[in-house]
Amino acid sequence: MTAALMTALLVSAALPVSAGTLPARTALEGLQVKPASALILARYERSKFMTGWRREGVAGCDTRQRVLLRSDLSPGTGQECGGAEGRWHSPYDDRTLTNTAQLDVDHVVPLANAWISGAWRWTPARRHAFAHDLARPELVAVSESVNLAKGGHSPANWRPPVRAYWCVYAHDWITVKHHYRLSVTPREKSALRDMLDTC
């Protein structure tokens, strides 16, 4: 395990999570299991969650900037919302990046997955809050390439290339789904169990 990955794991552990979260396995077993619906997925549009990183009614730095600021391992630029340069560790693929152009902010539970897992029933305001949630481990700065590879996949079809991060990733995924009462598919649940076995 590289020093950068170890640092990223420590940073992940320090990020905000739901208060009083259950142990991950207990929380996972409490999630409703439902098959994915192609009809519900067909009605998904990203704009039903967000049209950009600016959260309605919140002044100052936008959500992407806030994620990059809290993840920046460099001394910082002194600019209120950060600069283009810094030092970020992408935990999914264990890469150190120095420019924001190389980075994406990943929704751990992708918006499309949240939609088919129950968010299609939510109000627009709740979907907007989910897309900009800085209180749960839902938003992570990662390399653009690994985020593109992940796309909208659940752990049933995609896992971080760095196996050492599977434990954190599974905990984060379960924490978000448990907080928002989102369902999992049978294959997704099985994959999460396998990932927890690496903890």
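Described in the following lines is the structure provided in the data block. (Residues numbered from 1 in each chain as written. Predicted model: local features only at pLDDT ≥ 70, side-chain atom pairs only at ≥ 80, totals over all residues. Heavy atoms only, no water.)

Some details on the side chain of Glu 138
Worth spelling out the cut-off: Runs of E in the DSSP output that reach at least two residues are strands. Runs of H or I that reach at least four are helices, and both are numbered from the N terminus. Relative accessibility decides the category of a residue: with a 1.4 Å probe and only protein chains considered, values under 20% of the type maximum give buried, values over 50% give exposed, and everything between is partly exposed. By the counting rule applied here, Lys and Arg register as positive and Asp and Glu as negative, while His and the ends of each chain are not counted. What counts as a salt bridge is simple: a side-chain nitrogen of Lys or Arg found within 4 Å of a carboxyl oxygen of Asp or Glu. Contacts described as polar in this section are N or O atom pairs within 3.5 Å, which, within protein, must combine one atom able to donate a hydrogen with one able to accept it, while residues neighboring in sequence count only if both atoms come from side chains. The contact criterion used throughout is that any non-hydrogen atoms of two residues lie within 4.5 Å.
With respect to the element layout, Glu 138 can be found in the loop between helix H6 (124–131) and strand S4 (139–143). The side chain of Glu 138 is buried and forms no salt bridge, while Lys 150, the nearest opposite charge, is found at 7.0 Å. From its side chain, Glu 138 meets the backbone nitrogen of Val 109 in a polar contact 2.9 Å long. Sequence-distant contacts of Glu 138, defined by excluding residues within four places in its chain, comprise Asp 106, His 107, Val 108, Val 109, Phe 130, Asp 133 and Val 176.

What about the packing of aromatic side chains?
Note the cut-off: Only Phe, Tyr and Trp rings are paired, with Trp represented by its six-membered ring, and only when their centres lie within 6.5 Å; those with planes under 30 degrees apart are stacked, over 60 edge-to-face, the remainder tilted. We count a charge as sitting over a ring when the NZ of a lysine or the CZ of an arginine lies within 6 Å of the ring centre and within 35 degrees of the ring normal.
For the structure shown, the criterion picks out twelve aromatic pairs. Among the aromatic residues, those joined into a cluster by ring pairs are Tyr 44, Phe 49, Trp 115, Trp 122, Phe 130 and Tyr 180. The positively charged end of Arg 126 is found above the aromatic ring belonging to Trp 122, 4.8 Å away from the centroid. When the ring centre of Trp 166 is taken as origin, the NZ or CZ atom of Arg 159, which lies over that ring, is 5.0 Å away.

Regarding the nonpolar core
Definition in use: Throughout this description, the term nonpolar core refers to a set of buried Ala, Val, Leu, Ile, Met, Phe, Trp, Tyr and Cys residues connected via side-chain atoms within 4.5 Å.
The biggest cluster of nonpolar side chains holds 45 residues, and the ones touching the most others in it are Phe 49, Tyr 92, Ala 114, Phe 130, Tyr 169 and Ile 174. Of all elements in the fold, only helix H2 (24–29), helix H4 (63–71), strand S3 (103–107), helix H5 (111–116), H6, S4, helix H8 (166–180) and helix H9 (186–196) reach the threshold of two or more residues within this core. Broken down by element, the residue count for this core peaks at eight residues, all from H8. Contact partners of Ile 174, with chain neighbours within four places excluded, come to Ala 24, Ala 27, Leu 28, Leu 192 and Leu 196.

Some remarks on H9
Which entries qualify depends on this criterion: Throughout, the arc means the angular range of directions from the helix axis out to the C-beta atoms.
Among the residues making up H9, those that are buried are Glu 188, Lys 189, Ala 191, Leu 192, Met 195 and Leu 196. The buried residues of H9 occupy one face: seen down the axis, they fall within an arc of 160 degrees. Seen from the buried face of H9, the exposed residues on the opposite side, beyond 90 degrees, are Pro 186 and Arg 187.

Structural notes on H8
Helical geometry note: an α-helix holds 3.6 residues per turn, so side chains three or four residues apart project in the same direction. This is how the line gets drawn: Multiplying 1.5 Å by the residue count of a helix minus one yields the expected span of that helix.
Counted at 1.5 Å a residue, the expected span for H8 with its 15 residues is 21 Å, and the 21 Å between its end C-alpha atoms agrees. Burial of H8 is extensive: twelve of the 15 residues sit out of reach of the surface. The complete set of buried residues in H8 reads Trp 166, Cys 167, Val 168, Tyr 169, Ala 170, Asp 172, Trp 173, Ile 174, Thr 175, Val 176, Lys 177 and Tyr 180.

As for the state of the cysteines
Which entries qualify depends on this criterion: By disulfide we mean two sulfur atoms from cysteines, separated by a distance within 2.5 Å.
According to the stated counting rule, one finds two disulfides in the structure shown. Across the disulfide, Cys 61 is cross-linked to Cys 81 (sulfur-sulfur distance 2.1 Å). For the disulfide bridge between Cys 61 and Cys 81, the dihedral angle about the S-S bond is near -95 degrees, and by the sign convention the bridge is left-handed. Here Cys 61, found in the loop between helix H3 (38–41) and H4, pairs with Cys 81, found in the loop between H4 and strand S1 (85–90); they are 20 residues apart in sequence, far enough to count as distant. The exposure class assigned to Cys 81 is partly exposed, which follows from its relative accessible area of 22%. Each disulfide pairs two cysteine sulfurs, and for Cys 167 the partner residue is Cys 199, the sulfurs being separated by 2.0 Å. Classification of the bridge connecting Cys 167 and Cys 199 rests on its S-S torsion, roughly 105 degrees, and on that basis the disulfide is right-handed. With Cys 167 in helix H8 and Cys 199 in the segment after H9, the pair connects residues that are 32 residues apart, well separated along the chain. Using a relative accessible area of 17% as the deciding quantity, one classes Cys 167 as buried. Judged by its relative accessible area of 52%, Cys 199 falls in the exposed class.

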